[in-house]
Amino acid sequence: TDLLVAAFPDVFNVDFTAEMERELDEVEVGQRDWQEVLNNFYREFQKDMAGAVKEMPNLKIGICGEHGGGPS
């Protein structure tokens, strides 16, 4: 857990979670574009994931074992 919190501080932050919930509520009622919300999230998450790969060499991610695609 400590490694995940260190590698992905935004995702494990209560303020982040509340903001994401608000944005998703706006998507639900048509006030926000879902692709914009997910692209904004993924842009930052991708940076965190790159850092996690460097900091945690035993981390296994990717699609079919390739790095960069997400958790496997």
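About the thresholds
- Residues numbered from 1 in each chain as written.
- Predicted model: local features only at pLDDT ≥ 70, side-chain atom pairs only at ≥ 80, totals over all residues.
- Heavy atoms only, no water.
- 1 Å grid on protein atoms, 1.4 Å probe; cavity = no way out; pocket = protein on both sides within 12 Å on 5 of 7 lines; lining within 4 Å.
- Points joined across faces, edges and corners; volume = space filled by probe spheres on them.
- Helix = DSSP H or I, 4+ residues; strand = E, 2+ residues; numbered from the N terminus.
- Nonpolar A, V, L, I, M, F, W, Y, C, P; charged D, E, K, R; others polar.
- Contact = heavy atoms within 4.5 Å.
- pLDDT = per-residue confidence, 0-100.
- Buried < 20%, exposed > 50% of the residue type's maximum accessible area, 1.4 Å probe, protein only.
- Lys, Arg positive; Asp, Glu negative; His and termini not counted.
- Salt bridge = Lys/Arg side-chain N within 4 Å of Asp/Glu carboxyl O.
- Phe/Tyr/Trp six-rings, centres within 6.5 Å; stacked < 30°, edge-to-face > 60°.
- Axes fitted to C-alpha atoms, helices over the stretch in contact; angles between N-to-C directions.
- Parallel < 35°, antiparallel > 145°, perpendicular 65-115°, else oblique.

Turning our attention to the layout of surface pockets. A volume near 150 Å³ is recorded for the largest pocket. Around the largest pocket, the lining residues are Asp10, Val11, Phe16, Glu19, Met20, Glu23, Val37, Asn40, Phe41, Glu44, Phe45 and Asp48. Contributing elements (two or more residues each) for the lining of the largest pocket: α2 (14-28) and α3 (34-55). Grouping the constituent residues of the lining of the largest pocket by class yields 6 nonpolar, 1 polar and 5 charged.

Now for the side chain of glutamate 26. Take glutamate 26: it is sitting in helix α2. Each residue touching glutamate 26, except ones within four places of it in the same chain, is listed here: Gln31 and Arg32.

This next bit is on the confidence of the model for the chain. Taken as a whole, the chain shows an average pLDDT of 82; of its residues, 81% reach a score of 70 or greater. Across the chain, α2 holds the top mean pLDDT of 94, while helix α1 (residues 2-7) sits lowest at 83.

With that settled, the discussion passes to the side chain of aspartate 48. Along the chain, aspartate 48 turns up in helix α3. One buried charged side chain, aspartate 48, makes no salt bridge at all; its nearest oppositely charged neighbour is lysine 47, positioned 8.2 Å away. When residues no more than four places from it in sequence are discounted, the contact partners of aspartate 48 are Ala7, Phe8, Pro9 and Asp10.

It is worth spelling out the packing of aromatic side chains at this point. For the structure shown, the criterion picks out 3 aromatic pairs. Aromatic pair phenylalanine 8 and phenylalanine 45: ring centres 5.3 Å apart, planes at 20 degrees, arrangement stacked. Highlighted residues: phenylalanine 8 in the loop between α1 and α2 and phenylalanine 45 in helix α3, separated in sequence by 37 residues. Of the two residues, phenylalanine 8 and phenylalanine 45, both sit in the buried class. Taken together, a centroid distance of 6.0 Å and an interplanar angle of 40 degrees make the contact between phenylalanine 16 and phenylalanine 41 tilted. With phenylalanine 16 in helix α2 and phenylalanine 41 in helix α3, the pair connects residues that are 25 residues apart, well separated along the chain. Joined through ring pairs, the aromatic side chains of Phe8, Phe16, Phe41 and Phe45 make up one cluster.

As a further point, take the packing of α2 against α3. With their axes 9 Å apart at the nearest point, α2 and α3 run at an angle of 160 degrees to one another. In terms of their interaxial angle, α2 and α3 are classed as roughly antiparallel. When α2 is examined against α3, the residues Phe16, Met20, Glu23, Leu24 and Val27 are found in contact with a partner set consisting of Trp34, Val37 and Phe41. Within the contact of α2 with α3, the residues separate by chemical class into 7 nonpolar, no polar and 1 charged.

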